[in-house]
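Spelled out, the chains give:
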Amino acid sequence: MATAARIYHNARCSKSRATLSLLQDNGCTCEVVNYLQTPPSVAELTQLLDQLGMTPRELIRSNEPAYSELGLDEPTLSDSALIAAMAANPILIERPIVVVDGKAAIGRPPESVLALL
């Protein structure tokens, strides 16, 4: 039986496309979540962070213009404020995130998701 994977995907991102291709090449059935159109909720992001074993600051894309525009570089911001900012501005979420059987990994490099299979 094929492995089922959910990928939080941005088709404009080469790493995201490569990760999706790698999953499919390894026989995965992929549920593709175009997270820019369908952003994860605060609860989903909290769960993803738990599955990834990461903090919100580790998951946020600090090189995006929205990061500095929203003042997210302020070190005193709480985790909940950072998660809320990512939910409201999904471009800030590092990508791609792959979830298999309750475990998650970021596809940077794409091969890092193979440990989930």
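Structure's up top.
Quick caveat, the model's predicted, so the values are computed rather than measured.

With that out of the way, let us pick up the pattern of salt bridges. Tallied over the entire structure, the rule returns four salt bridges. A salt bridge links Glu-94 to Arg-61; the shortest N-O distance between them is 3.0 Å. Of this pair, Glu-94 sits in the loop between helix H5 (79–88) and strand E3 (97–100) while Arg-61 is found in the loop between helix H3 (56–59) and helix H4 (65–69), placing the two residues 33 residues apart along the sequence. Arg-61 matches Glu-94 in its accessibility class, with the two residues each being buried.

One finds Leu-59, Met-86 and Ile-97 to be the most contacted residues of the largest nonpolar core, which totals 23 residues. Counting residues per element, the ones that place at least two in this core are helix H2 (42–52), H4, H5, E3 and strand E4 (103–106). Sorting elements by how many residues they give to this core places H5 first, with five residues. Beyond its immediate chain neighbours, meaning those up to four positions away, Met-86 contacts Leu-45, Pro-56, Leu-59, Ile-60, Leu-92 and Ile-93.

What follows deals with the sheet that holds E4. Strands in a sheet are paired, the pairing made by backbone hydrogen bonds, and the direction either parallel or antiparallel. Taken together, the four strands give an open sheet; going across it, the order is E2-E1-E3-E4, and neighbouring strands pair in mixed fashion. Bordering the open sheet on either side are strand E2 (29–34) and E4, each of which pairs with just one other strand. The sheet shows a mean angle of 20° between the axes of neighbouring strands, direction not considered. Two strands pair when backbone bridges link them, and strand E1 (residues 4–9) and E2 are joined in this way by six bridges, in the parallel orientation. Pairing of Ala-4 across the sheet is with Thr-29, part of E2. Contacts from helix H1 (residues 14–25) reach E1, E2 and E3 within the one sheet, and its direction differs from that of E1 by about 170°.

Definitions and limits used
- Residues numbered from 1 in each chain as written.
- Predicted model: local features only at pLDDT ≥ 70, side-chain atom pairs only at ≥ 80, totals over all residues.
- Heavy atoms only, no water.
- Salt bridge = Lys/Arg side-chain N within 4 Å of Asp/Glu carboxyl O.
- Helix = DSSP H or I, 4+ residues; strand = E, 2+ residues; numbered from the N terminus.
- Buried < 20%, exposed > 50% of the residue type's maximum accessible area, 1.4 Å probe, protein only.
- Core = buried A, V, L, I, M, F, W, Y, C linked by side-chain atoms within 4.5 Å.
- Contact = heavy atoms within 4.5 Å.
- Pairing = 2+ DSSP bridges.
- Axes fitted to C-alpha atoms, helices over the stretch in contact; angles between N-to-C directions.

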